[in-house]
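Spelled out, the chains give:
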Amino acid sequence: MPQITVEYSAALDDAFERRAFALAVHTTAGALIDSDPDSFKTRFHRIEEGVIGDGAAAHAMIHVEVAILPGRSEETRRLLGQTVLDLAVRHRKDVAELTVQTTVEVRELTAGHYHKQVSP
């Protein structure tokens, strides 16, 4: 159920451990929101061109959107967002010449509009 979309600056290619981040989120967040880690799906989108702040090349970003089914409390969603943010920062190496903004948005999928089918 959880649908995770990660956008990251191309300058972070070698500094962001994407697979390790996804696996950590699947396990940690799964326990937090009582969801089977096998139901998580994480997609990464490399940003080739973007403008952050004043547009200087020294800026980079990671933005994570976590979409979950409705029914979790505000506190659970807040804790989920902070947990995912901490994991993103932990799986990102510092790059001397870059200032990196890391953000997380937790949102609910629209009830009745999410459908799933798993085939063997």
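Look up a bit, the structure's there.
Reference entry: report on the structure contained in this document. As the structure is a prediction and not an experimental result, all values here were calculated from the model.

About the cut-offs
- Position numbers for residues count from 1 along each chain, tracking the sequence in the order it is written.
- Only residues with pLDDT of at least 70 are given local features in this predicted model, and only at 80 or more are side-chain atom pairs given and counted; all residues enter the totals for whole chains, interfaces and linings.
- No hydrogens and no water enter the side-chain calculation; it runs on all heavy atoms of the structure.
- Definition used for salt bridges: Asp or Glu carboxyl oxygen within 4 Å of a side-chain nitrogen of Lys or Arg.
- Segments assigned H or I by DSSP are reported as helices when at least four residues long, segments assigned E as strands when at least two residues long, and all are numbered from the N terminus.
- Note on exposure labels: buried denotes an accessible area under 20% of the residue type's maximum, exposed denotes more than 50%, and partly exposed covers the range between, all computed with a 1.4 Å probe on protein chains only.
- When checking whether two residues touch, look at their non-hydrogen atoms; a contact exists if any pair is within 4.5 Å.
- Any pair of Phe, Tyr and Trp rings, taking the six-membered ring for Trp, is counted once the centres come within 6.5 Å. Such a pair is stacked with planes under 30 degrees apart, edge-to-face with planes over 60 apart, and tilted for the rest.
- In a helix, the anticipated span is given by 1.5 Å times the number of residues less one.
- Along the arc lie the directions from the helix axis toward the C-beta atoms.

**Quick look at the pattern of salt bridges**
Close approach of charged atoms lets side chains of opposite charge pair.
Here comes step 1: Evaluation of the coordinates by the stated rule reveals eight salt bridges.
Here comes step 2: The salt bridge partner of Arg-46 is Asp-13, with a shortest N-O separation of 2.6 Å. Of this pair, Arg-46 sits in strand β2 (residues 41-47) while Asp-13 sits in the loop between β1 (3-9) and α1 (18-33), placing them 33 residues apart in sequence.
Here comes step 3: Two residues, Arg-92 and Asp-94, come together in a salt bridge whose shortest N-O distance is 3.6 Å.
Here comes step 4: On the basis of relative accessible area, Arg-92 is assigned to the buried category, the value being 16%.
Here comes step 5: A cluster of three or more residues bridged by salt bridges with shared partners is formed by Asp-13, Arg-46 and Glu-48.

**Side note on the environment of Phe-16**
Here comes step 1: As for its placement among the helices and strands, Phe-16 is situated in the loop between β1 and α1.
Here comes step 2: By relative accessible area, which is 3% here, Phe-16 ends up buried.

**Things to note about the side chain of Thr-42**
Here comes step 1: Considering the arrangement of structural elements, one finds Thr-42 in strand β2.
Here comes step 2: Dropping the residues within four chain positions of it, Thr-42 is found in contact with Ile-4, Val-6, Ala-22 and His-26.

**Describing the packing of aromatic side chains**
Here a ring pair, both rings aromatic, is described through the centre-centre distance and the interplanar angle of the planes.
Here comes step 1: Under the definition given, this model contains three aromatic pairs.
Here comes step 2: Where Phe-16 meets Phe-21, the ring centres are 5.6 Å apart and the plane angle is 45°; that geometry is what we call tilted. As far as the burial class goes, Phe-16 and Phe-21 line up, both buried.
Here comes step 3: Their ring planes at 75° and their centres at 6.2 Å tell us that Phe-16 and Phe-44 sit as a pair that is edge-to-face. Of this pair, Phe-16 sits in the loop between β1 and α1 while Phe-44 sits in strand β2; the two residues are 28 residues apart in sequence, bridging distant segments of the chain.
Here comes step 4: For Phe-44, a relative accessible area of 28% puts it in the partly exposed group.

**Let's talk about helix α2 (residues 74-90)**
Here comes step 1: A rise of 1.5 Å per residue sets the reference length of α2, with its 17 residues, at 24 Å; its end C-alpha atoms lie 24 Å apart and thus fit the reference within 8%.
Here comes step 2: Every buried residue belonging to α2 is among Leu-80, Gly-81, Thr-83, Val-84, Leu-87 and Ala-88, and all of these are buried. Within α2, the buried residues cover an arc of 165° as seen down the axis, which keeps them to one side. Opposite the buried face of α2, at more than 90 degrees from it, the exposed residues are Glu-74 and Arg-90.
Here comes step 3: In the core, the buried residues of α2 are packed alongside α1, β3 (59-68) and β4 (99-108).

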